[in-house]
Number of protein chains: 2
Amino acid sequence: MQKVKCIKGGVCSAKGFKAAGVGAAIKYAGRKDVALVVADAPCSAAAVFTTNKVAAAPVLYDRMAVKGGRIQAILANSGCANACTGEGGLKDAELSALIVAGELGIDPRLVLVASTGVIGRRLPMDRLAAGAKEAVKSLGRTSTHSLAVAKAVMTTDTKPKEACATVVIGGKKVTVGGCSKGSGMIEPNMATMLGFITTDAAISPAMLRRALLLAIGKSFNRLVVDGDESTNDSVFVLASGKAGNAEIVRGGEDFDLFRQALEEVCISLARQMAKDGEGATKFVTVTVRGAKSEADAARAARSVAKSPLAKTSWFGKDPNWGRVLAAVGYSGAEVSDMKAEVFYDDEWAFRRGEIANEAQLAKLAKILEKDEFEVVVDLHLGNCSSSIYTCDFSLDYVHINADYTT
Amino acid sequence: MQKVKCIKGGVCSAKGFKAAGVGAAIKYAGRKDVALVVADAPCSAAAVFTTNKVAAAPVLYDRMAVKGGRIQAILANSGCANACTGEGGLKDAELSALIVAGELGIDPRLVLVASTGVIGRRLPMDRLAAGAKEAVKSLGRTSTHSLAVAKAVMTTDTKPKEACATVVIGGKKVTVGGCSKGSGMIEPNMATMLGFITTDAAISPAMLRRALLLAIGKSFNRLVVDGDESTNDSVFVLASGKAGNAEIVRGGEDFDLFRQALEEVCISLARQMAKDGEGATKFVTVTVRGAKSEADAARAARSVAKSPLAKTSWFGKDPNWGRVLAAVGYSGAEVSDMKAEVFYDDEWAFRRGEIANEAQLAKLAKILEKDEFEVVVDLHLGNCSSSIYTCDFSLDYVHINADYTT
């Protein structure tokens, strides 16, 4: 029944793409910090950006550039967000696209740019230009090239994140692959995350955008690390059409198959990002079910996932379900503590006024020892549910964020 | 011009009140954990409670009890929140009021109860009853008795919090005094905070409630520690009428004077709570000015005060104004980073696209070394402003909340 196959791969897995990741000393020497993804020809393209009103220069630039629906290259850098950099920052974003277009000999309107890192610093344009030039020289189609992109966009991520899926559409094998970076400031709607996805599906820009929005709703927008939303979040998808399927231009079976493959890639990346949340020691799925409405379920799950008290209790391996229920209580969702139940995985902690006794608490404590578990709140008020991927709040989160910058 | 005088004092400062704080081993032996405030006669009373839909049993009980507007005694305990305890918990709250009324020989409808501590545990009624009995025996009117109440309600607070103010109304000296406890889970609208305020003003219950709502809007509702809102928040005020002023039954000069005194007490307590936020090393006032609307200013200030990234940057003494501006950006308030300015105290960090240079950053770094400073965001879009009291997010916050309970 499962038509989508998850395989190992990244931005170079789909046909028609080359990539490179190189070191340009944007912030630190000795690490990759400039990434480039280039298609053999202009692609169908779609992108989704941060909803933060303080949007970084590359986001402002890309919003315009992607409107044409055709893109051939994406340049990305870590180490500097090019955010809150005024008119000068916008010109830097524009100039970056021009440099890449010049090196590749393509129309600059076919180039997108992305940045992540410290806010309020201008891009070191000389080093970025050198990096872009170097990247163009280093382009290739191997898994090493894919991985180099995943590595070059990392900031406080401890691991590169890649995912790939294949699906057969109209007799043709279609591949969707990509990478992303986290790992703090992560919250719906997406935050300090960059995602780069490529596919060889033939699909119109409009349908590609629709598929991307649906996939993001089930993946990156279900991800909470600390509740901060960044100025730079962007997810890009380029479709080369090289798989040879009949172009997807409307809804239907072909579209659904493609959407599922894209969704699998996005969900895999989102889970990897939650696991690698800043300082995270635990990957936690928060599920609220039995809610009156989907909005209530999502609101309640998000509230728990963002609660510093719930998150520190997970770090402390403490089945403190009271903090979970309190966070549901202030979420705005309908809830009655006379009806609600709280579970950790399959073990109950609280059910309709009954409190876990010592024997039950001992079972819960074992679940809290695990690296991954699910917190389930059943409101018993309706049939709607929602899940959020998140992580705990650790001493290292504070270390990382007190020491980052300046 | 300043008609309100702030003096040293607490719940026993106003005429007509006795108090006690005793140890009853509710959770730990060897510390005070039961508090009692008793008026010589029934008082005008008002109270404001948590908006959390998962409200603790004492909150459910008090909401009904305070409707009559006349209260003579308040029993409080720390160590157990009596929250998520079902019907049994409600009966425990009711029984607690009955016990106190019995000991004092007053109508049980004149007694309020308050609890703070761990959620999801039943009150140890035998120990609470013994504590209440002991408290009645220990009642007195000295500053030691005031302080004993402030101490008995502490949970993770490191210091007792008291405040007092006097004002002359119609030729009569009126005193307002009280205490409160913080210190995590603190957020508008008030969270895990208990506040106990007494006054000898003569004032009707309706006007007392109006004054309390106004004062809370300028104090406890401007306080953010971690953004979690508790199930137990309550602020009580009892007015004995012993000052001998003409009873305040409507708005006007007398009401304004009283309101100002109450406000001073509440603001002082709120500031003490922010300073003693769980793990706090810095007291930070976040002010947003130049906003299009008051709602925008409040939303933006709150967003900064709740941002884990901004809070950890303060802990790290890092003038990371980009995180401040990013938090304003996702707050929902109107903002343009081309117009906005960010200051730490009087030093600018970012102004309309211009970024602090090294010399300016050095000045900012000195401000970040201080125990108290103000973060100011001027949006330059209008004339509205709002301030929030908050603190940084430290390693100790995580320690405290990972290790608390079980």
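Asks: Before we move on, can you summarise the overall build of chain A with the specific residues and values?
Replies: In terms of helices and strands, chain A carries 11 helices and 16 strands. Along the three orthogonal principal directions, the C-alpha set of chain A runs to about 70 × 55 × 35 Å. The buried share of chain A, reckoned over its 406 residues, is 64%. Taking as baseline every contact in chain A between residues at least 6 positions apart, the subset at least 24 positions apart corresponds to 81%.

Asks: Lay out the domain arrangement of chain A with the relevant residues and their values.
Replies: Entries for chain A in the domain assignment read domain 1 (5-275) and domain 2 (283-403). On a C-alpha basis, the centres of domain 1 of chain A and domain 2 of chain A stand 33 Å from each other.

Asks: Can you explain the sheet that holds strand β16 (residues 384-391) of chain A? Please cite residues and give values.
Replies: All names here are of chain A. Taken in spatial order, the seven strands line up as β9-β16-β11-β15-β12-β13-β14 in an open sheet, and their pairing is mixed. Edge positions in the sheet fall to β9 (223-224) and β14 (354-355), since each of these pairs with one other strand and no more. Set on the sheet, helix α7 (residues 294-306) makes contact with β9, β11 (283-291), β15 (372-378) and β16; between it and β16 the angle comes to about 20°.

Asks: Explain the nonpolar core to me, and be specific about the residues and the numbers.
Replies: Counting 300 residues, the largest nonpolar core has F258 of chain A together with F258 of chain B as the members making the most contacts within it. Setting aside residues no more than four positions away along its own chain, F258 of chain A makes contact with V167, I169, V174, A201, I203, A211 and I248 of chain A.

Asks: How would you sum up the sheet that holds strand β10 (residues 283-291) of chain B? Please name residues and give values.
Replies: Residue and element names in this part refer to chain B. As summarised here, the arrangement of the six strands in space is β13-β12-β11-β14-β10-β15, forming an open sheet in which the pairing is mixed. Either end of the sheet is taken by a strand with one partner, and the two such strands are β13 (354-355) and β15 (384-391). Of the strand pairs in this sheet, strand β12 (residues 347-351) and β13 are connected by two bridges, and their pairing is antiparallel. When the sheet's bridge partners are listed, R351 is paired in β13 with E354. Sitting on the sheet, helix α6 (residues 253-275) touches β10 and β15, and the angle it makes with β15 is about 50°.

Asks: Quick rundown of the pairing of strand β4 (residues 70-78) of chain B? Include the residues and the values.
Replies: All names here are of chain B. The element β4 is extensively covered by neighbouring structure, given that eight of its nine residues are classed as buried. Alignment of strand β3 (residues 34-49) against β4, held across seven bridges, turns out to be antiparallel. Residue pairing across strands places V38 opposite A73, the latter belonging to β4. With six bridges connecting them, β4 and strand β5 (residues 111-116) associate as parallel partners. Paired with N77 across the strands is S115, a residue of β5. The handedness of the β4 to β5 crossover, carried by helix α2 (residues 86-104), is right-handed.

Asks: Lay out the packing of helix α1 (residues 57-65) of chain B against α2 of chain B with the relevant residues and their values.
Replies: All names here are of chain B. The N-to-C vectors of α1 and α2 enclose an angle of 55°; their axes lie 8 Å apart at closest approach. One way to sum up the angle between α1 and α2 is to call them oblique. Judged by the sense of rotation from one axis to the other, the crossing of α1 with α2 is right-handed. Contact residues: α1 offers A57, P58, L60 and Y61, while α2 offers G89, L90, D92, A93 and E94. For the contact of α1 with α2, the class distribution of residues is six nonpolar, one polar and two charged.

Asks: Outline helix α9 (residues 321-329) of chain B, listing residues and values.
Replies: Residue and element names in this part refer to chain B. Most of α9 sits out of view: nine of its nine residues are buried. Where α9 is concerned, the buried positions are W321, G322, R323, V324, L325, A326, A327, V328 and G329. Where the residues of α9 are buried, they touch α7 (294-306), α8 (308-315), β11 (341-344), β12 and β14 (372-378).

Asks: Tell me what's going on with the pairing of β5 of chain B, and back it up with residues and numbers.
Replies: Of all six residues making up β5 of chain B, six are buried, and the element is well covered by its neighbours. Of the two faces of β5 of chain B, the one carrying V111, V113 and S115 of chain B and the one carrying L112, A114 and T116 of chain B are both buried.

Asks: Describe unusual backbone geometry, naming the residues involved and giving the relevant values.
Replies: All names here are of chain B. In the Ramachandran plot, N82 falls in the positive-phi region, its phi being about 50° despite a non-glycine side chain. Among the secondary structure elements, N82 is positioned in the loop between β4 and α2. In this structure, H380 is a non-glycine residue whose phi angle is positive, near 50°. Mapped onto the fold, H380 is located in the loop between β14 and β15.

So, how was this worked out
- Counting starts from 1 at the beginning of each chain's written sequence and moves along it residue by residue.
- Each chain is given a letter, starting from A, and each ligand a number, starting from 1, according to the order in which they appear as written.
- The model is predicted, so local features are restricted to residues of pLDDT at least 70 and side-chain atom pairs to those at 80 or more, both for listing and for counting; the totals for chains, interfaces and linings are taken over all residues.
- Each helix is a run of H or I in the DSSP string that is no shorter than four residues. Each strand is a run of E no shorter than two, and both are numbered from the N terminus.
- Burial in this document is a count-based property: other C-beta atoms within 10 Å of a residue's C-beta are tallied, and the residue is buried at 20 or more, exposed at 12 or fewer, or partly exposed in between, with C-beta positions derived from the backbone.
- A pair of residues counts as a contact when their C-beta atoms, built from backbone coordinates, are separated by no more than 7 Å.
- Start and end points for every domain follow an automatic or database-based domain assignment.
- In this analysis, strands are considered paired if DSSP registers two or more bridges between them.
- Every angle, taken between N-to-C directions, lies between 0 and 180 degrees, and every axis is a line fitted to C-alpha atoms, over only the stretch in contact when it is a helix.
- Working definition: the nonpolar core is a set of buried Ala, Val, Leu, Ile, Met, Phe, Trp, Tyr and Cys residues, joined through C-beta atoms within 7 Å.
- By convention, orient the strands away from the viewer: a clockwise path from the first strand over the helix to the second makes the crossover right-handed.
- For this classification, under 35 degrees means roughly parallel, over 145 means roughly antiparallel, 65 to 115 means roughly perpendicular, and everything else is oblique.
- If you view the pair so one helix is near and one far, a crossing is left-handed when the near helix is turned anticlockwise from the far one by less than a right angle, and right-handed when it is turned clockwise.
- Charged residues are taken to be Asp, Glu, Lys and Arg, nonpolar residues to be Ala, Val, Leu, Ile, Met, Phe, Trp, Tyr, Cys and Pro, and polar residues to be all remaining types, Gly included.

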